[in-house]
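# Examining the three-dimensional arrangement
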Amino acid sequence: MGRHLLRVLSLAAALGLWQLLTTLDVNLWLRFEQFPTVVDVAREFGERVGGATYWQDLTDSLSRIVTGFALAAVAGVAVGTAIARSRLVADLLGPVLEVLRPIPAIALVPVAILLFPSNEQGIVFITFTAAFFPVMVSTRHAVRALTPVWEEAVLTMGGGRWRVLGSVVLPGALPGILGGLSVGIGVSWICVISAEMISGEYGVGYRTWQDYTVVDYPGVLVGMVTIGALGWMTSTTVEVLGRRVTRWLPRTESRIEAQVPRRSLPKVPRSGPRPGPRQGPRPQEEVTP
């Protein structure tokens, strides 16, 4: 309860500081004289929530991110596992993927416009590309880091390759895969908003850019807050699902100690008899002549 209250107070303090700086028109190194206040943004947010355009933009952005991220999750895990398990696949796909991986996904907007018949498919493609590489790389490293003894044990007991994949490889690499998914969902939001600003017709990114072009700064801040809320919601969903599917993993000792007060921990007696007082005279030190 105390942690949740601290987080609420931290957010309230940030909003209060924002309101204070913009109300007083502070103009030092940072200029707040033209920056919208919290009240202005809240008023604009209330007006937009009551309209249908805001919810249409919200639905379009969510559908794009969910579709692209879901495809990237499936493809990234499959390709990463195949590259880590097969030399042939690594030789065929590895060089191509390593050349494409450094290219920012947002730089593929012209390619998406040329390849796909609609902007909607192009934005989903950019979202897919942004999430694919973090998931693929994390899966590849996680699978390669597995202990070979587990696989040998399954093979010794008569299990086949699919049994090894389902019982050893994927469960063992699951923590690394979830790490890639957490990174991928954040990168996907960055790229889908940027793609909507460049070539979208609807969406939160498109609306935010349109507000900027008509100098509607409260509308721009409403778009930014909406993007942050959506990103927090989706990333939290991925983390919660990840914790649920990895319940079998041992928890760290620090978390257990944080839940149990120190004074309630039982004292463990020392093993063996305690040393008593020294008996007999104390030996004299030798003096070297």
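Residues numbered from 1 in each chain as written. Predicted model: local features only at pLDDT ≥ 70, side-chain atom pairs only at ≥ 80, totals over all residues. Heavy atoms only, no water.

### With respect to the overall build of the protein
The condition that has to hold: What counts as a helix is a DSSP run of H or I of at least four residues, what counts as a strand is a run of E of at least two, and both are numbered from the N terminus. Summary of the burial criterion: residues with accessible area below 20% of their type's maximum are buried, those above 50% are exposed, and those between are partly exposed, where the area comes from a 1.4 Å probe applied to protein chains only. Two residues form a contact once any of their heavy atoms are found within 4.5 Å. Values of accessible area rely on a 1.4 Å probe in the Shrake-Rupley scheme; residue burial ignores everything except the protein chains shown.
Check the secondary structure of the protein and you find 11 helices and 0 strands. For the protein, the proportion of its 289 residues judged to be buried stands at 31%. A sequence separation of at least 24 residues applies to 70% of the contacts in the protein between residues at least 6 apart. For the protein, the computed accessible surface area is about 19,700 Å², with 64% contributed by carbon and sulfur atoms.

### Some details on the environment of V39
Turning to its location among the elements, V39 is positioned in helix α2 (residues 38-49). Take V39: its relative accessible area is 43%, and that puts it in the partly exposed class. Counting along the chain gives 20 residues from V39 to Q19, while the straight-line C-alpha distance between them is 7.7 Å.

### Brief notes about the side chain of T129
Here is the rule: Two N or O atoms count as a polar contact when they lie within 3.5 Å, although within protein this holds only if one can serve as hydrogen donor and the other as acceptor, and sequence-adjacent residues are included solely when both atoms are side-chain atoms.
Note that T129 resides in helix α6 (residues 119-144). Residue class for T129 comes out buried when judged on its relative accessible area of 9%. At 2.8 Å, the side chain of T129 and the backbone oxygen of F125 are in polar contact. Setting aside residues up to four positions removed in sequence, T129 forms contacts with A105 and L108.

### Overview of the nonpolar core
Operational definition: As used here, the term nonpolar core means buried Ala, Val, Leu, Ile, Met, Phe, Trp, Tyr and Cys residues forming a set that is joined through side-chain atoms within 4.5 Å.
Ranked by size, the top nonpolar core spans 47 residues in total, and within it L97, I126, F132, M136, L181 and W189 carry the most contacts. The set of elements that each furnish at least two residues to this core consists of α3 (52-85), α4 (87-100), α5 (109-115), α6, α8 (161-199) and α10 (217-245). The element contributing the most residues to this core is α8, with 14 residues. Among all residues touching W189, those that are not within four sequence positions of it are S61, L62, I65, L230, G231 and T234.

### A few points about the confidence of the model for the protein
Quick note on the threshold: As a per-residue measure, pLDDT tells how confident the predictor is, with possible values from 0 to 100.
When pLDDT is averaged across the protein, the result is 83; 86% of the residues are at 70 or more. Contacts from residues 253-258, a stretch scored under 50 in pLDDT, to residues over four places away or in other chains number 0 contacts. Low pLDDT, under 50, characterises residues 285-289; the predicted model gives this stretch 0 contacts beyond four residues in sequence or across chains.

### Quick notes on the packing of aromatic side chains
For any pair of aromatic rings, geometry is given as the distance between the ring centres together with the angle between the planes. Quick note on the threshold: Two rings from Phe, Tyr or Trp (for Trp, the six-membered ring) form a pair when their centres sit within 6.5 Å of each other. Planes less than 30 degrees apart are called stacked, planes more than 60 degrees apart edge-to-face, and all others tilted.
If you walk through the whole model with that rule in mind, you get 8 aromatic pairs. Both rings, one in W18 and one in F35, keep their centres 6.0 Å apart while their planes meet at 65 degrees; by these two values the pair is edge-to-face. Here F35 lies in the loop between α1 (2-23) and α2 and W18 lies in helix α1, a separation of 17 residues in the sequence. Measuring from ring centre to ring centre gives 5.1 Å for F116 and F125, while their planes differ by 40 degrees; the resulting arrangement is tilted.

### Details of the pattern of salt bridges
Cut-off, in case you're wondering: Salt bridge criterion: a side-chain nitrogen from Lys or Arg within 4 Å of a carboxyl oxygen from Asp or Glu.
The full count for this structure, using the stated rule, is 9 salt bridges. When the shortest N-O distance is used, the salt bridge between E98 and R101 registers 3.0 Å. Bridged by salt links that share partners, the residues E44, R48, D211 and D216 form one connected network.

### A word on α10
The condition is simple: Here the expected span of a helix is defined as 1.5 Å times the quantity of residues minus one.
Helix length check: α10 (29 residues) gives 42 Å between terminal C-alpha atoms against 42 Å at 1.5 Å per residue, within 8%. The complete set of buried residues in α10 reads G219, V220, L221, V222, G223, T226, L230, G231, T234, V238 and G242. Against α1, α2, α3, α8 and α9 (204-213) lie the buried residues of α10.

### Thoughts on the environment of W189
For W189, the position within the fold is in helix α8. For W189, a relative accessible area of 5% gives the class buried. Distance in space between the C-alpha atoms of W189 and S235 is 10.0 Å, their sequence separation being 46 residues.

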